Structures are given as C-alpha cells and as structure tokens.
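Structural overview for review
The residues making up each chain are set out below.
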Amino acid sequence: MEPRVDHRRGGYDLSDLAMLEARSIAVVREVAAELERPVLAFSGGKDSVVLLHLARKAFWPGPLPFPVLHVDTGHNFPEVLEFRDRHLGRLEVTVVTASVQDAIDAGRLPAPPSRAPSRNRLQTRVLLDAVTSGRYDAVLGGARRDEERSRAKERVFSLRDEFGQWDPRRQRPEVWWLANGRHRPGEHFRVFPLSDWTELDVWRYIAAEKVELPPLYYAHRRRVFRRDGMLLAENPYLPLDDGEQPFGAVVRFRTVGDMTCTGAVESTARSAEEVISELLATRVTERGATRADDRLGEYSMEDRKREGYF
C-alpha cells in the first residue's frame, strides 16, 4: 500500500506538518545510513503507527530496510493485537516479537502482584534482552517531548550504555540537527524522530494522511470502572476491589499500553477531526491523564528511563 504524499487535503494548511514530516524522514534516513542494525519499536499506539508510516515514506518505493520490534506485555488490548497482526501483515514488514509472558514463564522475570499487575516495568528487561539478542545498535521509537517532563530532556539520538541505561549527562549536543551516531561496542541509541511533534500534531497528521489506528482511539461503548480517579477498562488481568462496580460508558483512549494501568477518557469523538477538537480544549497530557504508573511520583518516568525504558 503506497503512502500518501499530498500535503494539502481536507481543508488543512499542512505546511507545518510537511516540515515536521520532512525532518522526521531525514532522521529515519540518517539512522539507516549511519547505524548498522536499526530496528523500529512498534506498540500499535498512534505514535508508533505514525512513525512506521513515516519510515515507509522515507524508503518508498523500496521496502523498509530494518525490522519492526513489538514488546508484548501479555496485557495488551485485544483491539491493538488485532490491528498489529492485520496492519503489519498487510505492509509485509519483518516483525520481531519479544514476550513478557515468555520471560515470566522461563523464570527470568517475577510475576507482578495481583493488586498491581501492570507489566510496564517488566517490559524494560524484555526490550533490553531483545536489543542484545538482535545486536541492534539503534531503536527508533515514537516518544515525544510533550508527553512527560523527563522525555523533554531527550536528544533525538539518545545514547544508551552497554547496560541499556540512559544518563542525561552523557548525551551529545545536537546543533543544527547534526546527529552523532558514534558509539562503543555494546552501546546503542534510542532515536526519536517525533521529538518535535506534539499530540495535536500527530492527530492532525493522522487526519491529513488518513492513517488507520486501532479502533479504541475513537469513542466506543465499553465497560469500565473507577479507580484512583481514572476510568480503567474491565479486563481479566485486574481484579476489582471491594466497592468497585463496572458500568458502561462511551470512552476513547488517548494512549494504549498495559490494560491494567491505561485509563480511558469519556468522549464522543469518533473521527480524527473530532479528536482534534477535543484536544484543542484540554491542557492535560495523555500520559498524565491516563497512565497510572506514570502518576506514582515526579520522577517515575525518569527512573524507568534510567533503567532502559523508552
């Protein structure tokens, strides 16, 4: 399926999106030119879908010159897994899957407690193992600087040491968009082509390019329950506490991840254009509003990044 290339469509002035797209494509091409064994991390979330879309544009009409890596927590939304298999199968890209459940079954990771069963932290170890076994020297990811304050500290080419850990003091300056891909054996880069994008930019691009997403990004009726000020989807991985009562609501998800800690928002937005209208009226980031494990403390995300998380 050929990527769309027209930058004026649907009533939008897309000159700013065209500039963001060109910069991101340049970063992707730089990775392919400078690093030996890159891989693109794909979660099935909107940012990774857009990143894959940009990567395919970067090398069209040739094939994607690197594989796609999905870290499966075992607690994924069914809609995301269905989309992953259908979307990646249609694009004919090479897919590498790393499973948190397999690591737990093999005794390499402990199972989290039933009261807090999120596997988001566990996927860090699985990701690092996949990087080591695949000998990847660059992992392209869809993280954006506006998601969370520690991510605003990232470079576009984020150096990770031989243990996969992030140290902000070791990051290189990137003047005039000049990237430095030199690294020692065992080190690798996390590369973020969407660093200059905002959530609103991503959605404007989705609307303009007609990018397909998992359906849970749009308003749908679902059984949810309230916990700690969030609407969590009823799911088999998260037992209900006393007094918690599931109910039906029309919701959408601003981000996707582990079902046990990813919250929904009440919404009537059933198209990308309607999501854009909602975003223009909010000041809350998607992770701050809908990820329980990102609300544990001021430095929660930064601690996870130092351990090797995106």
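All of the points below concern the structure found in this document. The structure displayed is predicted, hence computed values, not measured ones. (Residues numbered from 1 in each chain as written. Predicted model: local features only at pLDDT ≥ 70, side-chain atom pairs only at ≥ 80, totals over all residues. Heavy atoms only, no water.)

Attention now moves to the pairing of strand 2 (residues 68-72). Counting buried positions along strand 2 gives 5 out of 5 residues, so the element sits mostly inside the fold. Burial along strand 2 is two-sided: Val68, His70 and Asp72 facing one way and Leu69 and Val71 facing the other are all buried. Chirality of the crossover, the property in question, places the unit of strand 1 (residues 38-41), helix 2 (residues 46-59) and strand 2 among those that are right-handed. When strand 2 meets strand 3 (residues 95-99), the two strands line up parallel, connected through 5 bridges. Opposite aspartate 72, over in strand 3, you have serine 99 as the bridge partner. Viewed along the sheet, the connection from strand 2 through helix 3 (residues 78-91) into strand 3 turns out right-handed. (Buried < 20%, exposed > 50% of the residue type's maximum accessible area, 1.4 Å probe, protein only. Helix = DSSP H or I, 4+ residues; strand = E, 2+ residues; numbered from the N terminus. Right-handed = clockwise from strand over helix to strand, strands pointing away. Pairing = 2+ DSSP bridges.)

Further remarks concern the sheet that holds strand 6 (residues 188-191). In spatial order, the strands read 3-2-1-4-6-5; together these 6 strands make up an open sheet with mixed pairing. Only two strands of the sheet have a single neighbouring strand rather than two, namely strand 3 and strand 5 (157-160). This sheet shows a mean twist of 30° between the axes of neighbouring strands, independent of strand direction. Across 2 bridges, the pairing between strand 1 and strand 2 is parallel. Note on strand 2: the bridge partner recorded for alanine 41 is leucine 69. Strands strand 1, strand 2 and strand 4 (138-140) of the sheet are contacted by helix 2, whose axis makes an angle of about 140° with strand 1. On top of the sheet, helix 3 reaches strand 2 and strand 3; it is set at about 165° to strand 2, its chief contact. (Axes fitted to C-alpha atoms, helices over the stretch in contact; angles between N-to-C directions. Contact = heavy atoms within 4.5 Å.)

Turning next to the sheet that holds strand 7 (residues 220-227). As a general point, the strands of a sheet are linked pairwise by backbone hydrogen bonds and lie either parallel or antiparallel. Taken in spatial order, the 4 strands line up as 7-8-10-9 and close into a barrel, and their pairing is antiparallel. In this sheet, adjacent strand axes meet at a mean angle of 70° when their direction is disregarded. For strand 8 (residues 230-233) and strand 10 (residues 263-266), the ladder comprises 2 bridges, and the chain directions are antiparallel. Residue pairing across strands places leucine 232 opposite glycine 263, the latter belonging to strand 10.

This brings us to the pairing of strand 1. On strand 1, burial covers both faces: Pro38 and Leu40 on one face and Val39 and Ala41 on the other are all buried. One ladder, built from 3 bridges, connects strand 1 with strand 4; its direction is parallel. Note on strand 4: the bridge partner recorded for valine 39 is valine 139.

Within the largest apolar cluster, 59 residues are counted, with the highest numbers of intra-cluster contacts made by Val191, Trp203 and Ile206. With 8 residues, the single largest contributor to this core is helix 2. In this structure valine 191 touches Val27, Val31, Ala138, Val139, Leu140, Gly141, Val156 and Phe157, once residues within four positions along its chain are discounted. Judged by nonpolar contacts, the second largest core, of 16 residues, contains Ala98, Ile104, Leu109 and Val126. (Core = buried A, V, L, I, M, F, W, Y, C linked by side-chain atoms within 4.5 Å.)

Moving on: unusual backbone geometry. With the exception of glycine, the majority of residues adopt a negative phi angle, and the majority of peptide bonds are in the trans configuration. Residues tryptophan 60 and proline 61 are joined by a peptide bond in cis, for which omega reads 10°. The phi torsion at lysine 210 lies on the positive side, around 55°, for a residue other than glycine. When you line up the elements, lysine 210 lands in the loop between helix 6 (199-209) and strand 7. Positive phi values are uncommon outside glycine, yet aspartate 228 reaches one of about 55°. Checked against the element boundaries, aspartate 228 lands in the loop between strand 7 and strand 8. For aspartate 228, a relative accessible area of 64% translates into the label exposed.

Next up on the list: the packing of helix 1 (residues 15-34) against helix 6. Two elements in contact, helix 1 and helix 6, have axes whose closest approach is 11 Å; the angle formed by their N-to-C orientations is 100°. In terms of orientation, helix 1 and helix 6 fall into the roughly perpendicular class. Note on element contacts: helix 6 touches helix 1 through Asp201, Arg204, Tyr205 and Glu209, opposite Asp16, Leu17, Leu20 and Glu21. A class-by-class count of the residues in the contact of helix 1 with helix 6 yields 3 nonpolar, no polar and 5 charged. (Parallel < 35°, antiparallel > 145°, perpendicular 65-115°, else oblique. Nonpolar A, V, L, I, M, F, W, Y, C, P; charged D, E, K, R; others polar.)

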